[in-house]
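Now for the letters of each chain:
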Amino acid sequence: MSINSCYHCGADCGKKPIHFNEKDFCCNGCKTVYEILNTNKLNCYYDLETSPGTIPKEIQGKYNYLDTKEIVEKLVEFNDGETSVVEFYIPSIHCSSCIWVLENLNKLNDGVAASMVNFPLKTIRITFKNKETNLKQLVELITSIGYEPYISLEDADAKKNKVDKTLIYQISIAAFAFGNIMLLSFPEYFSSDEFWLEKFKPLFRWLIFIMSIPVVFYSAKDYFISAYKGIRHKILNIDVPIVIGVSVLFIRSTIEIILDIGSGFFDSLTGLILFLLLGKFFQQKTYNFLSFERDYKSYFPIAVTKIINGVEKTIAVKEVVKGDRLLIRNEELIPVDGILINGNAAIDYSFVTGESLPVTKQSGDKLFAGGKQTAGAIEMEVINTISQSYLTQLWSNDVFSKTNDVTIKNITDTISKYFTIAILIIASLAGVFWYFYDVLMVINVVTAVLIIACPCALALSAPFAIGNMLRIFGYKKFYLKNAETIENISKINTIIFDKTGTITASDKTQLFYKGEDLSKGELSIIKSVLRASNHPLSRLLYEYIKVEPLIVKPTYFEEILGKGIKATINNINVKLGSSNFVKSTNFGGGETAIFIQINNVLKGRYIFKNSYREGTKQVFENLSKKYSLVILSGDNDGEKKYLEELLPKTTQYKFNQKPENKLEFIKKLQLKGNKVMMIGDGLNDAGALAQSNVGIAISDNVNVFSPACDAILDAKLFNKLPKFLTLSNQTISIIKASFILSFFYNIIGMYFALTGQLTPVVAAILMPLSSISIVVFVTILTNWISKKM
């Protein structure tokens, strides 16, 4: 930073800088931001970057319109009265200091509960307490420290979705200059007329020089900016050698023109930049064509129960429309915004806000998508459908991410870092050699070496291979949270299965009752209680009992995971669950059952004769060849003998496991160095799914959606599980093969560049083609292996 530059933003302070605290500032705005950060002990903002800030805008009265309730409602994504969530697009986010200060807004305003920056999208998601601050104060705060948000009431995504035509303009200027420079260069290359050369040669050379200036300083500016930022952060990115090559050509050519000792290399220079830009443009078009965006088109297995004329029907969340009446059971996710019609609503919004304390709602109150009902069944009317991308965004929240070991991304980042250093050394050595061997070849060889070698193909192979497989999995109804999940699957050596609802098929399970005869009234009471539960056995029994539930809803409802349900309805106390839960000593048998207790009187039990999913035996036999397999169930061991005959002999069995026991079992395996996959339902197994290295929830037409799981598999495709795991492993193999291909390309290209057989213009054409070829290679291969499977 120069002596006269602003301590905050780096701008020139001019002749009259503002002095404060032994530092110079270009304006009072920058000085004020420094004071705010310094007062709140956030001055290490300046330790991360040199002059990281931007000059703050004048804000007095600018955001008064944010006092209007109707406008605020349009901008906030969530507001339960206590807490609000809003997302802003902030164009000025540009470095690690920006991220740091914006994610520490809670130190500048006590009302901010959390703030999270999405650096690639330049967005910030802020959760704030309504009683302590408001939207206007937040916007004024982030504007005052130099991060003015883009706010559009017509279209919040207008700025983000706006088509950037800068690259088109850069290509147009480069193409115009390159074409004209070639035309002006032809006479000097081919004419033998001395008079013509003496008269027009200087003019043509200066015209060529003038036309090359906008190409270098406008068309190629992004390469210079990227290289500068990389060096400023002490990173040698791939644009550094490109900038060195362009600079060498431009400076050498300029000297030749000024001193009139030659025509320079302006035709090669402008051609080089033109083909680099065309390559970038073609890359963008290719990547867009091969886009693996999953939010809208892919399978997202959230089902909801719609009430049509009193009849309950299960539909996909994408079919929900405004005005629909939905039944939300205990522990179910609210998939869309709506109004509470009836029922006791205690909504856990930790999925959205991070706050786990349930919020009580009354009939007529608004409910927001992403909340989880925790107090029995409720009915709601849909007022606003929300895109699946909103739920996907919540699911992919970094709060729920799991720590990873060494990943492909870590490896490619490291290779890219040392790759550039190696290329600069090779280019320098090549320049020294050719200086003594043939000085006229030095610039061509050095520039070709700097441009032809590119780690881009290396960096792109993993995102495109994994991204394309995520898209394929999505279409095949196996939905993965993110790219890291595929990589984590490839490291798994132990797979744990829950039993009920995971390897058992609910549609084929047989039920029968043992005990005292139940009256129609008692059956109606039992069904009314079961209506609020989402446990697989509860759903089966609810469908099995053919009487109508009571119109009256339970006044008290509590579902204890792994045990059962306690409820009060019409002043009648009901307990449904395991024998231990109802304290039964009269019934044994070791079978899977729900015991019925009404007003402390044990009535009997419904016994479930499990039927296992189609292909279960083949799935376990295929998986046992590579993985250690475990059945980890909360049920008793009544079916252990049958399972031992059905499944491979190496399978381990653990029964009577509470949710906390499952979690501890997985922890012990991991401490021994095992990489564990847990496959279960999203309700009882939430803790185990979160603890495992990869958690897969089985979706069977129920709305149990947990942020803990890494993947959701349609229950009908359970028999395809080994193929999905094999495809994940093969995807990693394809990435490794693409790495080898990329290295071979660079070695061959380097050979031709070092031996002087490659001009800079040809190198500029080949460089983007290498990246495109790798992207096409991994995309075609991942498509091919998926079709083969």
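Note that residues are indexed from 1 along each chain, following the sequence as it is written. Only residues with pLDDT of 70 or above have their local features reported here, since the model is predicted, and side-chain atom pairs are shown and tallied only from 80 upward, although totals for entire chains, interfaces and linings are computed over all residues. To obtain the side-chain values, all non-hydrogen atoms of the structure were included, while hydrogens and water were left out.

### Notes on the overall build of the protein chain
Item 1. Only DSSP runs of H or I reaching four residues or more are called helices, and only runs of E reaching two or more are called strands; each is numbered from the N terminus. Looking only at helices and strands, the protein chain features 25 helices and 28 strands.
Item 2. Residue burial in the protein chain is summarised as follows: out of 789 residues, 51% are buried.
Item 3. Considering only intrachain contacts with a sequence separation of at least 6, the fraction spanning at least 24 residues in the protein chain is 67%.
Item 4. In this description, accessible areas are obtained by the Shrake-Rupley approach with a 1.4 Å probe, and a residue is regarded as covered only by the protein chains that are shown. Put simply, the protein chain shows about 37200 Å² of open surface, and 56% of that area lies on carbon and sulfur atoms. Exposure categories follow from relative accessible area, calculated using a 1.4 Å probe and restricted to protein chains: below 20% of the type maximum is buried, above 50% is exposed, and the middle band is partly exposed. Contacts: residue pairs with any heavy atoms within 4.5 Å of one another.

### Quick look at the pattern of salt bridges
Item 1. What makes a salt bridge here is a side-chain nitrogen of Lys or Arg within 4 Å of a carboxyl oxygen of Asp or Glu, nothing more. The full count for this structure, using the stated rule, is 15 salt bridges.
Item 2. Here Asp67 ties to Lys136 by a salt bridge, and the two come within 3.3 Å at their closest N and O atoms. A residue pair is termed long-range when its members are at least 10 positions apart, and Asp67 in the loop between α2 (45-48) and α3 (69-75) and Lys136 in helix α5 (residues 135-144) qualify at 69 residues.
Item 3. With its nearest N and O atoms 2.9 Å apart, the salt bridge here joins Arg205 to Asp260. Separated by 55 residues along the polypeptide, Arg205 in helix α8 (residues 194-219) and Asp260 in the loop between α10 (239-259) and α11 (266-289) bring together distant segments of the chain.
Item 4. For Asp260, a relative accessible area of 53% puts it in the exposed group.
Item 5. By sharing partners, the salt bridges in this structure join Glu312, Arg325, Arg329, Glu332, Glu379 and Arg531 into a single network.

### Remarks on the nonpolar core
Item 1. Judged by nonpolar contacts, the single largest core of 51 residues is most densely connected at Tyr223, Val246, Phe266, Leu269, Ile273 and Leu277.
Item 2. Counting residues per element, the ones that place at least two in this core are α7 (166-190), α8, α9 (221-232), α10, α11, α14 (408-437), α15 (442-452) and α24 (721-754).
Item 3. The dominant element in this core, judged by the number of residues it contributes, is α15, at nine residues.
Item 4. Those residues in contact with Val246 that sit more than four places away from it in its chain are Val216, Phe224, Leu269, Leu272 and Ile273.
Item 5. In this structure, Ile631, Phe655, Leu713 and Phe724 belong to the second largest nonpolar core, which totals 48 residues. We define a nonpolar core as any set of buried Ala, Val, Leu, Ile, Met, Phe, Trp, Tyr and Cys residues linked to one another through side-chain atoms lying within 4.5 Å.

### Description of the sheet that holds strand β26 (residues 676-680)
Item 1. In spatial order, the strands read β16-β28-β27-β26-β17-β24-β25; together these seven strands make up an open sheet with mixed pairing. Taken across any chain shown, the strands that pair with only one partner, and hence form the sheet edges, are β16 (478-480) and β25 (652-654). Mean inter-strand twist for the sheet, computed between neighbouring axes without regard to direction, equals 20 degrees.
Item 2. With four bridges connecting them, strand β27 (residues 694-699) and strand β28 (residues 711-714) associate as parallel partners. Within β28, the position partnered with Ile698 by the bridge is Leu713. When DSSP finds two or more bridges between a pair of strands, those strands are recorded as paired. Between the N-to-C directions of two axes lies an angle of 0 to 180 degrees, each axis being a line fitted to C-alpha atoms and, for a helix, fitted only over the stretch in contact.

### Some remarks on unusual backbone geometry
Item 1. Its identity as a non-glycine residue notwithstanding, Lys477 has a phi of 70 degrees, on the positive side.
Item 2. Even without being a glycine, Asn600 presents a positive backbone phi close to 65 degrees.
Item 3. Relative to the helices and strands, Asn600 is located in the loop between β22 (592-598) and β23 (601-609).
Item 4. Judged by its relative accessible area of 67%, Asn600 falls in the exposed class.

### Some details on a nonpolar patch on the surface
Item 1. On the surface, Trp206, Ile251, Ile255, Ile258, Leu259 and Ile261 cluster together into a nonpolar patch covering about 620 Å² of accessible area.
Item 2. Sorting elements by how many residues they give to the nonpolar patch places α10 first, with four residues.
Item 3. With respect to the helices and strands, Ile258 occurs in helix α10. By definition, no residue in a patch forms a salt bridge, and every one has over 30% relative accessible area; like charges are joined within 9 Å, nonpolar side chains (Val, Leu, Ile, Met, Phe, Trp, Tyr) within 5 Å.

### Points about the packing of aromatic side chains
Item 1. Planes of paired rings set the category: under 30 degrees apart is stacked, over 60 is edge-to-face and the rest tilted, where pairs are Phe, Tyr or Trp rings (Trp by its six-membered ring) whose centres lie within 6.5 Å. Scanning the entire structure with this criterion turns up 22 aromatic pairs.
Item 2. Each ring, one from Tyr63 and one from Tyr65, has its centre 6.3 Å from the other, and the planes form 55 degrees; the classification is tilted.
Item 3. Judged by relative accessible area, which is 30%, Tyr65 ranks as partly exposed.
Item 4. The interplanar angle of 75 degrees and the centroid separation of 6.3 Å between the aromatic rings of Phe250 and Phe266 together place this pair among those described as edge-to-face. With Phe250 in helix α10 and Phe266 in helix α11, this pair connects stretches of sequence that are 16 residues apart. Like Phe250, the residue Phe266 is buried in the burial classification.
Item 5. Here the aromatic cluster, defined as three or more aromatic residues joined through ring pairs, consists of Trp206, Phe209, Phe217, Phe250 and Phe266.
Item 6. For a Lys NZ or an Arg CZ to count as sitting over a ring, it must be within 6 Å of the ring centre and within 35 degrees of the ring normal. When the ring centre of Tyr542 is taken as origin, the NZ or CZ atom of Lys527, which lies over that ring, is 4.9 Å away.
Item 7. Positioned above the aromatic ring of Phe581 is the side chain of Lys575, whose terminal nitrogen or guanidinium carbon lies 4.8 Å from the ring centre.

### A closer look at the sheet that holds strand β19 (residues 556-560)
Item 1. An order of β18-β23-β22-β21-β20-β19 is seen for the six strands of this open sheet, with the pairing classed as antiparallel. Only two strands of the sheet have a single partner each, and these edge strands are β18 (510-515) and β19. For this sheet, the mean inter-axis angle between neighbouring strands, taken without regard to orientation, is 15 degrees.
Item 2. Of the strand pairs in this sheet, β19 and strand β20 (residues 564-569) are connected by five bridges, and their pairing is antiparallel. In the sheet register, Glu558 faces β20, and the bridge partner there is Lys566.
Item 3. Packed onto the sheet, helix α18 (residues 520-530) meets β19, β20, β21 (572-577), β22 and β23 and runs at close to 65 degrees relative to β21.

### As for the side chain of Gln373
Item 1. One can find Gln373 in strand β14 (residues 372-373).
Item 2. From its side chain, Gln373 meets the backbone nitrogen of Ala346 in a polar contact 3.1 Å long.
Item 3. Any pair of N or O atoms that falls within 3.5 Å is considered a polar contact. Within protein, one atom must be able to donate a hydrogen and the other to accept it, and sequence-neighbouring residues count only if both atoms are side-chain atoms. Within the structure, Gln373 has its side chain in polar contact with the backbone oxygen of Ala375 (distance 3.4 Å).
Item 4. Excluding its chain neighbours within four sequence positions, the residues that come into contact with Gln373 are Ile328, Arg329, Asn330, Glu331, Glu332, Asn344, Ala345, Ala346, Ile347 and Ile378.

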